[in-house]
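Here is how the chains run, residue by residue.
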Amino acid sequence: MARNRIKNGELSEEVQEEMSDELEEKVEETQNFLRSVFSSNPLSTYLVTRNLPFIAFVALLGLVYISNRHLAENTVRRIDRLGKDVKELGWDYKSLHAELMKLTTQTEIAKRADTLGLTERTEPPIKIDLVKKDK
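Residues numbered from 1 in each chain as written. Predicted model: local features only at pLDDT ≥ 70, side-chain atom pairs only at ≥ 80, totals over all residues. Heavy atoms only, no water.

The subject of this paragraph is the overall build of the chain. Check the secondary structure of the chain and you find four helices and zero strands. Put simply, the chain runs from its N terminus to its C terminus through helices and strands in the order α-α-α-α. Classification of the 135 residues of the chain by burial places 1% in the buried group. For the chain, the accessible area works out to roughly 13,900 Å², and carbon and sulfur atoms hold 61% of it. (Helix = DSSP H or I, 4+ residues; strand = E, 2+ residues; numbered from the N terminus. Buried < 20%, exposed > 50% of the residue type's maximum accessible area, 1.4 Å probe, protein only. Areas by Shrake-Rupley, 256 points an atom, 1.4 Å probe, with all protein chains shown as cover.)

Right, let's talk about the pattern of salt bridges for a bit. Inspection of every chain in the model, using the stated rule, returns three salt bridges. Here Arg 77 makes a salt bridge to Glu 73, at a shortest N to O gap of 3.8 Å. Placement of both Arg 77 and Glu 73 in helix H3 (residues 42–103) is noted, with a separation of four residues, approximately one turn of the helix. One salt-bridge network, in which partners are shared between bridges, spans Arg 69, Glu 73 and Arg 77. (Salt bridge = Lys/Arg side-chain N within 4 Å of Asp/Glu carboxyl O.)

Side chains of residues three or four places apart in an α-helix project in the same direction, reflecting 3.6 residues per turn. Buried residues are scarce in helix H4 (residues 106–115), accounting for one of its ten residues. Looking one or two residues beyond H4, the residue adopting positive phi is Gly 117, at roughly 90 degrees.

Below is the structure:
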């Protein structure tokens, strides 16, 4: 397995100089790029104005992306809240349904009717026949 000698050991002066030279070159390239973009040179002004529609388009895409993300998160929150409401309403329905089933049993109805002074009928109903007389 190869070991990293540079990381674990001390660097020689040549390696240090080489690394500092590379770093200076990168810094100089970055500074040159920034100077060329922000200079008042007609060529750089032309490049900026030529690319302005593209920059505006990228900014618009960024705004659309941010707003889409915001709307998606709000929709997810609303779905979660509605799911909780549905669960709660389901529990209410089940408890009310069970209570109604208990209250509509024959014994519960008889108990409530007894408080009103009504009694349960013990004999079966009778049928009354009407005889029509011819005129």
